[in-house]
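Per-entry structural report
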Amino acid sequence: EARAVRVAIKDARSHIGEPEVYSNHISFATEFHIDGQPWCGAFVGHVLRKAGVEVPQTIVYTPSIFNFGWVRTTAPRPGDLVLFKWPGISRDRCDHVGLYVGRGWTIEGNTSPGNGGSQNNGGGVYLRQRGTANVAAYFTQEEDSAFYREAARLLQPGGVLVITHSNELFDL
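The rules we used
Each chain carries its own residue numbering, running from 1 in the written order of its sequence. Residue-level local features of this predicted model are given only where pLDDT is at least 70; pairs of side-chain atoms are given and counted only at 80 or more, and the full residue set underlies all totals for whole chains, interfaces and linings. Side-chain measures were taken over the full set of non-hydrogen atoms in the model, leaving aside hydrogen atoms and water. For two strands to count as paired, DSSP must find a minimum of two bridges between them. Only DSSP runs of H or I covering at least 4 residues are called helices, and only runs of E covering at least 2 are called strands; the numbering of each starts at the N terminus. Lines fitted to C-alpha atoms define the axes here, with helix axes fitted over just the stretch in contact, and angles between the N-to-C directions of these axes take values from 0 to 180 degrees. Pairs of residues are marked as contacts when any of their non-hydrogen atoms sit within 4.5 Å. Salt-bridge detection follows one rule: a side-chain nitrogen of Lys or Arg within 4 Å of a carboxyl oxygen of Asp or Glu. Remark: exposure states derive from per-residue accessible area (1.4 Å probe, protein chains only) relative to the maximum for the residue type, with buried under 20%, exposed over 50%, and partly exposed in between. Stacked, tilted and edge-to-face are the three classes assigned to paired rings of Phe, Tyr and Trp, where Trp is represented by its six-membered ring and a pair needs centres within 6.5 Å; plane angles under 30 degrees give stacked, over 60 edge-to-face, the rest tilted. The criterion is that NZ of a Lys, or CZ of an Arg, lies within 6 Å of the ring centre and within 35 degrees of the ring normal, and then a charge sits over that ring.

The next thing to look at is the sheet that holds strand 5 (residues 124-129). One open sheet accounts for six strands, arranged 1-6-2-3-4-5; its pairing is antiparallel. For this open sheet the edge positions go to strand 1 (71-73) and strand 5, each flanked by a neighbour on one side alone. Taking the axes of each pair of neighbouring strands and ignoring which way they run, one obtains an average angle of 35° across the sheet. Its contacts with the sheet place helix 1 (residues 2-14) against strand 3 (96-102), strand 4 (105-111) and strand 5, and it is angled at close to 110° to strand 3. Sheet strands touched by helix 3 (residues 40-50): strand 2 (81-84), strand 3, strand 4 and strand 5. Its angle to strand 3, the strand with the most contacts, is close to 40°.

Below, the discussion takes up the pattern of salt bridges. On inspection of all chains with the given rule, the structure shows three salt bridges. Its salt-bridge partner being Glu108, residue Arg130 comes within 2.7 Å of it at the nearest N-O pair. With Arg130 in the loop between strand 5 and strand 6 (135-140) and Glu108 in strand 4, this residue pair connects regions lying 22 residues apart in the sequence. Overall, the relative accessible area of 18% leaves Arg130 in the buried class.

Before going further, it helps to spend a moment on the packing of aromatic side chains. A full pass over the atoms with the stated rule returns five aromatic pairs. Taken together, a centroid distance of 5.4 Å and an interplanar angle of 90° make the contact between Phe66 and Phe139 edge-to-face. In this pair, Phe66 is assigned in the loop between helix 3 and strand 1 and Phe139 in strand 6, connecting sequence segments 73 residues apart. Here the two residues Phe66 and Phe139 agree in accessibility, since each one is buried. An aromatic cluster is defined as three or more aromatic residues linked by ring pairs; in this entry it consists of Phe28, Trp39 and Phe43. Between Arg93 and the ring centre of Phe66, over which it is positioned, the NZ or CZ distance is 3.7 Å. We note Arg130 situated over the ring of Phe84; from NZ or CZ to the ring centre the distance is 5.2 Å.

A regular strand carries its side chains on alternate faces of the sheet. Burial along strand 2 is two-sided: the face carrying Leu81 and Leu83 and the face carrying Val82 and Phe84 are both buried. In the sheet, strand 2 pairs with strand 3 via four bridges, with the strands oriented antiparallel. Each residue of the ladder has a partner; that of Val82, found in strand 3, is Gly98. Sheet analysis places strand 2 next to strand 6, joined by four bridges and oriented antiparallel. Across the sheet, the residue bridging to Leu81 is Phe139, located in strand 6.

So yeah, pure geometry; function would need other evidence.
Here it is as structure tokens:
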């Protein structure tokens, strides 16, 4: 899992600043057969697939992410998905998705580089830091989440948790 996260984030970073060829036409949209349509989900799907993570074709419709079998979390970690909802965009549960890379930063496809312009159909891949006001949900992969839940269960107050390379947990 950790390797997949590193690969996904490295690939996502390599696309920062990449613009659409023209409105909603970019390689990620073509890969998912949605040329001419909003492609934030296709971008996230591309980097996850490149990292070896199984991603359904339906990722292109961001509200479907609620049904992936990933676990909703309130403490995102690098590699998790962040779903955004902006007022007035749609009646869907969310309007946009990005890849969480840590410390409040996301890498997002089909957004604008700043606060101006469309945040969910903006024309490029950008590194963004947003507040939590428009976060609809964070999702993490289930097996990963179970590992960290077990780690939290084992950790005693004031203790130090050691995670070995083989994912064994020790509370010191």
